Amino acid sequence: MAKIEEHASFKFRLERQCTKHYSYDNGRIQIKKGHIVTMTAYALHHLEEYYPYPKKFDPERCCAENKAKRNPQSFVAFGLGPSNCFGMRFAMEEMKIAIATMVQKFRVFPVKETSEKLRFFDGFSLLIQHFDAIVGVEFRQSTTADRKSKN
């Protein structure tokens, strides 16, 4: 589950069009009106300003107390503003059920070819794609309770 939390946001990005000329960092960074600004959720979700020790699996980040301390715009897996995904709650429930079902039925394990870290392709695309992530997958052995429920 730690790897799922760590990489859950790597495919999502936000794009917005700049509506006026903007200067940042004492003029070092200039964004002109009309330019498209792109930000990956992965990059934002790994800023230590919002998420100390970003590579550490820490489910407590999502507790109400910690969420209240953080800028509400610092978690953007479902977008922001008028483009926000209206199916966010449904999608989250659906994802939890899918992950629970997969964990219940399959065992995922590292094999000889499994990399220690995910690597990503460079370049522009709607989805940020990682190089092959090779793992072993096998069905879990059914339990006695499972066999009894089928009868």
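The structure this text deals with has already been given above.
Residues numbered from 1 in each chain as written. Predicted model: local features only at pLDDT ≥ 70, side-chain atom pairs only at ≥ 80, totals over all residues. Heavy atoms only, no water.

*Asks:* Before we go on, may I ask you to explain the overall build of the protein chain in this structure?
*Replies:* Tallying secondary structure elements over the protein chain gives five helices and six strands in all. Reading the protein chain from its N terminus to its C terminus gives the helix and strand order α-β-β-β-β-α-α-α-β-β-α. The buried share of the protein chain, reckoned over its 151 residues, is 17%. A fraction of 54% describes how many contacts in the protein chain between residues 6 or more apart in sequence connect residues 24 or more apart. On the protein chain, roughly 12,500 Å² of surface is accessible, and the fraction owed to carbon and sulfur atoms is 59%. (Helix = DSSP H or I, 4+ residues; strand = E, 2+ residues; numbered from the N terminus. Buried < 20%, exposed > 50% of the residue type's maximum accessible area, 1.4 Å probe, protein only. Contact = heavy atoms within 4.5 Å. Areas by Shrake-Rupley, 256 points an atom, 1.4 Å probe, with all protein chains shown as cover.)

*Asks:* Sorry, what's going on with unusual backbone geometry here?
*Replies:* Glycine aside, the phi torsion of most residues is negative, and most peptide linkages are trans. Notably, Asn 26 is not glycine yet its phi reads approximately 55°, a positive angle. Tracing the backbone through its elements, the reader meets Asn 26 in the loop between strand E2 (22–24) and strand E3 (29–31).

*Asks:* Help me understand the environment of Asn 66 in this model?
*Replies:* Secondary-structure assignment places Asn 66 in helix H3 (residues 64–69). With residues near it in sequence (within four places) discarded, Asn 66 still touches Glu 60 and Arg 61.

*Asks:* Help me out: how do you make sense of the pattern of salt bridges in this one?
*Replies:* One side chain can pair with another of opposite charge once the charged atoms of both are near each other. Enumeration according to the criterion identifies four salt bridges in this entry. Residues Arg 107 and Glu 138 are paired through a salt bridge, measuring 2.8 Å at the closest nitrogen-oxygen approach. Of the two residues, Arg 107 is situated in strand E5 (residues 106–109) and Glu 138 in strand E6 (residues 136–139); the sequence distance between them amounts to 31 residues. (Salt bridge = Lys/Arg side-chain N within 4 Å of Asp/Glu carboxyl O.)

*Asks:* Please explain the state of the cysteines as it appears in this structure.
*Replies:* A covalent bond between the sulfur atoms of two cysteines is what we call a disulfide. A full pass over the atoms with the stated rule returns zero disulfides. Not engaged in a disulfide, the cysteine Cys 63 finds its nearest cysteine sulfur in Cys 62; these two sulfurs lie 8.2 Å apart. The class of Cys 63 is partly exposed, set by a relative accessible area of 24%. (Disulfide = S-S within 2.5 Å.)

In short, the description is geometric, and any link to function would need to be established separately.
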